[in-house]
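Next come the chains, spelled out residue by residue.
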Amino acid sequence: IAGKVRLEGHFKKPPPLKIFKNRDFCGSEVPNKSLLVGPDGAVQNAVIVIPGARRERTESPLKALVLDNKNCAFVPHVQVAPVGSELLLLNNDPILHDVHARLGSETLFNVGLPTWRQVKKRLTRTGIVTMECDVLHTWMSAYIVVTSNPHFTVTDEKGEFAIDGIAAGTYEIEVWHEKLGSQSRRVTVTAGSTLRVDFIYRLTTNGPN
């Protein structure tokens, strides 16, 4: 399955995020990655998941993820991984950071990260995990979508995605974006072919729909 996620309607780029602490290193602002839209409305960092899809191959879907602190921001901003995957927490900045991971209002872990420290955490719960920095770096955030499904990806800077190895069948494709919300589409995959599926978020005066 391959496709693209686009945004239609009047779009205003989110302003940079203001910095209130460690400005001698971080500067006065950092880029706002909450809504990255490229040419033709291409939406980056939309998560695609296909629940219930069967794999044509049997290799383990588990991933080794990295969440780094670089230039006073979490990198990468959005990731997706199967439940049980391991997350390595790093800090490449010369200042203290913290990674506070929440699933809804529940804390999964809260780890202080001096520059020298590296910590590994296992992602044992499904859902949208929000990462924040509690040492007054209030502008910092990142997301990891943890799924029990073997088929998933994140759209690139062109808004495009591709997922292979899906067995023939009918499935519901789910799309999530931190600002634009969720969509789903029912599709039928046939053996030996690539199905094209595009998703469009339309901006109205009431927000995306």
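Everything here concerns the structure above.
Rules used throughout
Residues numbered from 1 in each chain as written. Predicted model: local features only at pLDDT ≥ 70, side-chain atom pairs only at ≥ 80, totals over all residues. Heavy atoms only, no water. Helix = DSSP H or I, 4+ residues; strand = E, 2+ residues; numbered from the N terminus. Rg over C-alpha atoms; globule rule 2.2 N^0.38 Å. Buried < 20%, exposed > 50% of the residue type's maximum accessible area, 1.4 Å probe, protein only. Contact = heavy atoms within 4.5 Å. Areas by Shrake-Rupley, 256 points an atom, 1.4 Å probe, with all protein chains shown as cover. Phe/Tyr/Trp six-rings, centres within 6.5 Å; stacked < 30°, edge-to-face > 60°. Lys NZ or Arg CZ within 6 Å of the ring centre and 35° of its normal. Salt bridge = Lys/Arg side-chain N within 4 Å of Asp/Glu carboxyl O. Pairing = 2+ DSSP bridges. Core = buried A, V, L, I, M, F, W, Y, C linked by side-chain atoms within 4.5 Å. Disulfide = S-S within 2.5 Å. Polar contact = N/O pair within 3.5 Å; in protein donor to acceptor, adjacent residues only side chain to side chain. 1 Å grid on protein atoms, 1.4 Å probe; cavity = no way out; pocket = protein on both sides within 12 Å on 5 of 7 lines; lining within 4 Å. Points joined across faces, edges and corners; volume = space filled by probe spheres on them.

Right, let's talk about the overall build of the chain for a bit. Assigned secondary structure in the chain consists of one helix and 19 strands. A compact globule built from 209 residues would reach a C-alpha radius of gyration of about 17 Å, and the chain, at 18 Å, matches this within 12%. Taken along the three principal axes of its C-alpha coordinates, the chain extends 55 × 40 × 25 Å. Buried positions account for 45% of the 209 residues belonging to the chain. Sequence separation of at least 24 residues holds for 61% of the intrachain contacts in the chain that already meet a minimum separation of 6. Summing over all exposed atoms, the chain offers an accessible surface of approximately 10,700 Å²; the carbon and sulfur share of this is 49%.

If you walk through the whole model with that rule in mind, you get one aromatic pair. We note Arg-185 situated over the ring of Phe-199; from NZ or CZ to the ring centre the distance is 4.7 Å.

So, about the pattern of salt bridges. By the definition in use, this model includes nine salt bridges. With its nearest N and O atoms 3.4 Å apart, the salt bridge here joins Glu-29 to Lys-18. Linking Glu-29 in strand 3 (residues 29–30) with Lys-18 in strand 2 (residues 17–18), this pair joins segments that are 11 residues apart in sequence. The partner of Arg-125 in a salt bridge is Glu-106, and the shortest N-O contact between them spans 3.1 Å. Of this pair, Arg-125 sits in the loop between strand 11 (119–122) and strand 12 (127–132) while Glu-106 sits in strand 10 (residues 106–113), and the two are 19 residues apart along the sequence. Owing to a relative accessible area of 38%, Glu-106 belongs among the partly exposed residues under this scheme.

Below, the discussion takes up the pairing of strand 9 (residues 97–103). Of all seven residues that make up strand 9, six are buried, and the element is covered over most of its length. The pairing of strand 9 with strand 10 spans seven bridges and is classified as antiparallel. Opposite Arg-102, over in strand 10, you have Thr-107 as the bridge partner. Counting the residues between successive antiparallel strands, the hairpin from strand 9 to strand 10 contains two residues, one of them, Gly-104, with a positive phi of roughly 70°. Here strand 9 runs beside strand 12; their pairing, made up of four bridges, is antiparallel. In the strand pairing of strand 12, Arg-102 is matched with Thr-130.

Counting residues in hydrophobic clusters, the biggest one holds 28 residues, and the most contacted among them are Leu-67, Phe-74, Leu-87, Leu-89, Val-99, Phe-109 and Met-131. Counting only elements with at least two residues in this core, the list comes to strand 5 (64–70), strand 8 (86–89), strand 9, strand 10, strand 12 and strand 13 (141–147). Ignoring any residue separated from it by four or fewer positions in sequence, one finds Leu-67 in contact with Phe-74, Val-75, Pro-76, Gln-79, Leu-87, Leu-88, Leu-89, Leu-90, Val-99, Met-131 and Ala-142. Within the second largest apolar cluster, 22 residues are counted, among which are Val-5, Ile-50, Tyr-171 and Val-189.

It is worth spelling out the state of the cysteines at this point. Tallied over the entire structure, the rule returns one disulfide. Bridging Cys-26 to Cys-72, the disulfide has an S-S length of 1.9 Å. Because the torsion about its S-S bond is -75°, the bridge between Cys-26 and Cys-72 counts as left-handed. Placement of the pair is Cys-26 in helix 1 (residues 23–26) and Cys-72 in the loop between strand 5 and strand 6 (73–75), with a sequence separation of 46 residues. Accessibility assignment for this pair places Cys-26 and Cys-72 in one class, buried. You can see Cys-133 has no disulfide; the closest cysteine sulfur is in Cys-72, sitting 9.0 Å from it. The exposure class assigned to Cys-133 is buried, which follows from its relative accessible area of 5%.

Residue position: Asp-68 is located in strand 5. Side-chain polar atoms of Asp-68 contact the side chain of Asn-92, separated by 2.4 Å.

So, on to the layout of surface pockets. Put simply, the largest pocket is a space of about 210 Å³. Mapped onto the lining of the largest pocket, the elements with two or more residues apiece are strand 6 and strand 13. For the second largest pocket, the calculated volume is near 150 Å³. Val-47, Val-49, Gly-127, Ile-128, Val-145, Thr-147, Asn-149, Glu-174, Val-175, Trp-176 and Ser-182 together form the lining of the second largest pocket.

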